[in-house]
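Topology and contacts: notes
For reference, the chains in residue letters:
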Amino acid sequence: MHWIALQWPVDPDAAQEAAMPTPEALGWWALRYTPHVTWLDEGLMLEVSACERLWGGRAQLMRQILHENPVAGALLRGAQGATSLEALARLRLFVRGEKRPAEIPAGLPLHTLSAARDHLELLARMGCRTWGEVAALPRGGLSRRFGAGLRNALDVAWQQRPDSHAWLSLPDVFEQKLELPALAENASELMWSANRLLSALQIWLRMRQRG
């Protein structure tokens, strides 16, 4: 399997944030490249191993995705990996400006693994700061002390457990709700949410080949 992780950084500029489609709509946009799309924490994840040849290979597909960024004026960041966890971890390293370790996934720092984030302090006291150092701990003791989630995540990272997700799909009918960020007292204050819904509608119409 091969995964691409995408992220649009949050911009403090309210005007640009208002133009950002909803997360669900960004997922619909990604369906043009692969039917296997899901959100994992802050990353939009695309599993592309079955379709990357249709786009001219991994490098060409990545270039096309970045070029066709659906959010005008917003930076789109991307990273790739053999599993969804690896791709998301490499994306997090890229966002923080950290170098990729020589050994993947063993050398990845623990702060890039969601399942380890609640246990970073304790794991550090045990001398564990990378995925590989935690994976080397006895399986039974690791699960008893930190729960099954951490061990399961490491199994996925080493491709010893299926990297399974609930895939997004394009609905037959457009219907979305979006809460207002604050009390709206006039029409202009409604436009912040209206613009986001209109951006989502535009993506849905394009994917349905209706506009």
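Here's what I pulled together on the structure shown here.

The next subject is the overall build of the protein. Looking only at helices and strands, the protein has nine helices and four strands in total. Secondary structure of the protein in N-to-C order comes out as β-α-α-β-β-α-β-α-α-α-α-α-α. Across its three principal directions, the C-alpha atoms of the protein cover 60 × 45 × 30 Å. Once local pairs closer than 6 in sequence are excluded, the contacts in the protein between residues at least 24 apart make up 59%. Of the roughly 11,600 Å² of accessible surface on the protein, a fraction of 52% belongs to carbon and sulfur atoms.

Among the residues making up helix α3 (residues 58-67), those that are buried are Leu61, Met62 and Ile65. With its buried residues spanning 100° around the axis, α3 presents them on a single face. Away from its buried face by more than 90 degrees, α3 exposes Arg63 and His67. Of the surrounding elements, those touching the buried residues of α3 are β1 (3-7), α2 (23-30), β3 (43-47) and β4 (77-81).

Once that is clear, we can look at the sheet that holds β1. Pairing is antiparallel across the open sheet formed by four strands, whose spatial order is β2-β3-β1-β4. The open sheet is flanked by β2 (37-40) and β4, the only strands paired with a single partner. Strand-to-strand, the axes of this sheet are offset by a mean angle of 25°, without reference to chain direction. Inspection of the sheet shows β1 paired to β4 by five bridges, in the antiparallel sense.

Before going further, it helps to examine the side chain of Ser84. Relative to the assigned elements, Ser84 resides in helix α4 (residues 84-96). On the basis of relative accessible area, Ser84 is assigned to the buried category, the value being 1%. Excluding anything up to four places from it in sequence, Ser84 contacts Trp3, Leu40, Met45, Asp163 and His165.

The subject of this paragraph is the packing of aromatic side chains. On inspection of all chains with the given rule, the structure shows six aromatic pairs. Considering the side-chain rings of Trp8 and Trp29, the 5.9 Å spacing of their centres and the 70° angle between planes classify their relative orientation as edge-to-face. Taken together, the residues Trp8 in the loop between β1 and α1 (14-19) and Trp29 in helix α2 connect sequence positions 21 residues apart. Relative accessible area serves as the criterion here: at 7%, Trp8 is assigned to the buried category. Classification of Trp29 as buried rests on a relative accessible area of 2%. Their ring planes at 55° and their centres at 6.1 Å tell us that Phe174 and Trp204 sit as a pair that is tilted. With Phe174 in the loop between α8 (148-157) and α9 (187-207) and Trp204 in helix α9, the pair connects residues that are 30 residues apart, well separated along the chain. Given a relative accessible area of 5%, Trp204 falls into the buried group.

Below, the discussion takes up the packing of helix α7 (residues 139-146) against α8. Between α7 and α8, the shortest axis-to-axis distance is 6 Å and the interhelical angle comes to 130°. One way to sum up the angle between α7 and α8 is to call them oblique. Of the residues in α8, those in contact with Arg139, Leu142, Ser143 and Phe146 of α7 are Ala148, Leu150, Arg151, Leu154 and Asp155.

The rules behind each value
Residues numbered from 1 in each chain as written. Predicted model: local features only at pLDDT ≥ 70, side-chain atom pairs only at ≥ 80, totals over all residues. Heavy atoms only, no water. Helix = DSSP H or I, 4+ residues; strand = E, 2+ residues; numbered from the N terminus. Contact = heavy atoms within 4.5 Å. Areas by Shrake-Rupley, 256 points an atom, 1.4 Å probe, with all protein chains shown as cover. Buried < 20%, exposed > 50% of the residue type's maximum accessible area, 1.4 Å probe, protein only. Arc of directions from axis to C-beta. Pairing = 2+ DSSP bridges. Axes fitted to C-alpha atoms, helices over the stretch in contact; angles between N-to-C directions. Phe/Tyr/Trp six-rings, centres within 6.5 Å; stacked < 30°, edge-to-face > 60°. Parallel < 35°, antiparallel > 145°, perpendicular 65-115°, else oblique.

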